[in-house]
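Chain by chain, the residues run as shown.
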2 protein chains.
Amino acid sequence: MYKLIAFDAYGTLFDVYSMGQLAESIFPGQGESLAIMWRDRQIEYTRLVTMSDPNPAGSQYYLPFWELTIRSLRYVCKRMKLDLNTATENRLMDQYAKLTAFEDSLSVLKQLKELGMATAILSNGSREMLETVVQSNHLKPYLDQVVTVEEVKLFKTAPQSYQLLLDAFSVKKDEILFVSSNAWDAVGASWFGLDVFWVNRQGLPFEEIGNKPNFEGNSLSKVLEIF
Amino acid sequence: MYKLIAFDAYGTLFDVYSMGQLAESIFPGQGESLAIMWRDRQIEYTRLVTMSDPNPAGSQYYLPFWELTIRSLRYVCKRMKLDLNTATENRLMDQYAKLTAFEDSLSVLKQLKELGMATAILSNGSREMLETVVQSNHLKPYLDQVVTVEEVKLFKTAPQSYQLLLDAFSVKKDEILFVSSNAWDAVGASWFGLDVFWVNRQGLPFEEIGNKPNFEGNSLSKVLEIF
């Protein structure tokens, strides 16, 4: 039986595409595209820095997720020929820092705690941005630990990133359920040896590589049905 | 001075988006989207298998590029709700095997040979698919070697992938010019320590991470202007 339920943060507990609404008010007609391309580039940058130097002591090209998020925003605005001045960049990043949680994030964490589970976040996010978004969404009382890949300077899906959960909690691999809405994260965690719940809000097909997730549901709340 | 000019294959010498025309004839109105999403997924899959196990002896999750190309096609068709039967898959993959070279690929390689340069391909592609596409475009006489990451079972931008050029030729790092249309490949090669020419056919901004390329041009032919 599971003792630790570990959640991915961005896209899983917090809605990264909610950025599209603010982006739309700043760049009418382009908000949704910007949010999608921004997210894609952000992930791409994490992969490039880690793949290009997968040294277990940390990649020499590592930059904090916050910094990569700014860089990817700048790239996408250039590509879309949108004028990103400093004020606009700050406005978008301020909102990113306080991304909205999905409506069931708090209640699911709370109920898992009531069931006696340990709970955690395991995220690519840097320490400070994770603390901010957890605080602003009032999730702190329901999380035992917030674990960031900053400690190893290797982004997911590097095996060292998932290993952090084993280092942070006194649990075995098969006592962890890892919850992510990102199919690539589900693939990586499963290859590492964790059981996985894939939150598939949009009804997408799963990837054509890797192991199928152990569980799948169209909302975070469905995680509770396992217990 | 450079002694070896090494080219990325897919997207650089061979036009991956030319697949869109055949895809459009099979799935009217969806060809271009399919070609773009297919390419993106293909690259994503290379990254996931390499990041998830960057073992210098080769990733245990490695699959040949040909296989990942099929898997990514299947994914994208599911996602776009397109009916990909076996005959259609074979038709698309047959054309992928014989992708069209850009109009200046052959003449540029030929002129570099006339200048006394060594020439090579360094590609994520598997051996057999590279041989086929090189043959069908008549490039073989103008290439000293076709180098594939298959030998290390780690995809670009793993440093071991670029190292293959040093192993295959008796040249030093600073005697190699690496040519790629893929900005991420330019970033990876530059981090590895190679000089880079970025073929920027679409006039895109460069990435916001990594080193700027040493050279940039809107076609392969511009490589010749260096000499």
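Please read these numbers as outputs of a predicted model, since none were measured by experiment.

Some points on the interface of chain B and chain A
And then number 1: Listed per partner, the contact involves 33 residues of chain B and 33 residues of chain A.
And then number 2: Taken over both partners, the interface formed by chain B and chain A buries close to 3300 Å², and the fraction arising from carbon and sulfur atoms is 64%.
And then number 3: The three residues of chain B that bury the most area against chain A are Met51, Trp191 and Glu208 of chain B, which together make up 24% of that side's buried surface.
And then number 4: Viewed at the interface, chain A and chain B are joined by 6 salt bridges.
And then number 5: Residue Arg47 of chain A is joined to Glu44 of chain B by a salt bridge in which the shortest nitrogen-to-oxygen separation is 3.1 Å.
And then number 6: When contributions to the side of chain B that touches chain A are tallied by element, the ones reaching two or more residues are helix H2 (31-51), helix H3 (65-79) and helix H8 (183-192) of chain B.
And then number 7: Considering each element in turn, the side of chain B that touches chain A owes the most residues, 9 residues, to H2 of chain B.

Quick word on the pattern of salt bridges
And then number 1: What the rule picks out here adds up to 26 salt bridges over all chains.
And then number 2: For Arg41 of chain A, the salt bridge is made with Glu207 of chain B, and the minimal N-O distance between the two is 2.5 Å. Pair noted here: Arg41 of chain A is in helix H2 (residues 31-51) and Glu207 of chain B is in the loop between strand E5 (195-199) and strand E6 (215-217), and the two residues belong to different chains. Taken individually, Arg41 of chain A and Glu207 of chain B each receive the classification buried, so the pair is uniform in this respect.
And then number 3: The closest approach of N and O atoms between Glu151 of chain B and Arg127 of chain B, which form a salt bridge, is 3.4 Å.

Thoughts on the packing of aromatic side chains
And then number 1: Across all of its chains, the model carries 24 aromatic pairs over all chains by this definition.
And then number 2: Measuring from ring centre to ring centre gives 6.0 Å for Tyr162 of chain A and Phe192 of chain A, while their planes differ by 35 degrees; the resulting arrangement is tilted. With Tyr162 of chain A in helix H7 (residues 159-168) and Phe192 of chain A in helix H8 (residues 183-192), this pair connects stretches of sequence that are 30 residues apart.
And then number 3: For Phe192 of chain A, a relative accessible area of 12% gives the class buried.
And then number 4: Here the aromatic rings of Trp198 of chain B and Phe206 of chain B are separated by 4.9 Å at their centres, their planes lie at 70 degrees, and the arrangement is edge-to-face. Residue Trp198 of chain B shares its accessibility class with Phe206 of chain B, and that shared class is buried.

Considering the domain arrangement of chain A
Residue and element names in this part refer to chain A.
And then number 1: Domain parsing of chain A yields domain 1 (4-14 + 101-226) and domain 2 (16-97).
And then number 2: Taking only C-alpha atoms, the centre of domain 1 and the centre of domain 2 are 21 Å apart.
And then number 3: With 18 residues of domain 1 at the contact, the number on the domain 2 side is 23 residues.
And then number 4: Together domain 1 and domain 2 conceal approximately 1600 Å² of surface at their shared face, both sides included; 65% is due to carbon and sulfur atoms.

With respect to a nonpolar patch on the surface
All names here are of chain A.
And then number 1: Together, Met1, Leu115 and Phe227 make up a nonpolar patch on the protein surface, roughly 350 Å² of accessible area in all.
And then number 2: Here Met1 is to be found in the segment before strand E1 (4-7).
And then number 3: Judged by relative accessible area, Met1 falls into the exposed class, the value being 78%.

Looking at the relation of the copies chain B and chain A
And then number 1: With an RMSD of 0.0 Å, chain B superimposes on chain A once it is rotated by 180 degrees and translated 0.0 Å along the axis. When the rotation and shift are considered jointly, the pair of chain copies conforms to a two-fold rotation axis. Taking C-alpha positions as reference, the residue of chain B nearest the rotation axis is Met51 of chain B, located at 2.8 Å.
And then number 2: The residues that chain B uses at the interface reappear at the interface of chain A in 100% of cases, marking a shared surface.

Digging into the sheet that holds strand E2 (residues 118-123) of chain A
Residues and elements named next belong to chain A.
And then number 1: An order of E3-E2-E1-E4-E5-E6 is seen for the 6 strands of this open sheet, with the pairing classed as parallel. Because the sheet does not close on itself, it has two edges, and the strands there are strand E3 (145-148) and strand E6 (215-217). Direction aside, the axes of adjacent strands within the sheet are offset by 20 degrees on average.
And then number 2: Here 4 bridges tie E1 to E2, and the two strands are oriented parallel to one another. When the sheet's bridge partners are listed, Leu4 is paired in E2 with Ala118.
And then number 3: The sheet contacts of H8 involve strand E4 (176-180) and strand E5 (195-199), and relative to E5 the element is tilted by about 175 degrees.

About the cut-offs
- Residues numbered from 1 in each chain as written.
- Chains lettered and ligands numbered in written order.
- Predicted model: local features only at pLDDT ≥ 70, side-chain atom pairs only at ≥ 80, totals over all residues.
- Heavy atoms only, no water.
- Contact = heavy atoms within 4.5 Å.
- Buried area = accessible area lost by both parts, 1.4 Å probe.
- Salt bridge = Lys/Arg side-chain N within 4 Å of Asp/Glu carboxyl O.
- Helix = DSSP H or I, 4+ residues; strand = E, 2+ residues; numbered from the N terminus.
- Buried < 20%, exposed > 50% of the residue type's maximum accessible area, 1.4 Å probe, protein only.
- Phe/Tyr/Trp six-rings, centres within 6.5 Å; stacked < 30°, edge-to-face > 60°.
- Domains from an automatic or database assignment.
- Patch = residues over 30% accessible without salt bridge, like charges linked within 9 Å, V, L, I, M, F, W, Y side chains within 5 Å.
- Areas by Shrake-Rupley, 256 points an atom, 1.4 Å probe, with all protein chains shown as cover.
- Least-squares fit on C-alpha atoms with pLDDT ≥ 70 in both.
- Pairing = 2+ DSSP bridges.
- Axes fitted to C-alpha atoms, helices over the stretch in contact; angles between N-to-C directions.

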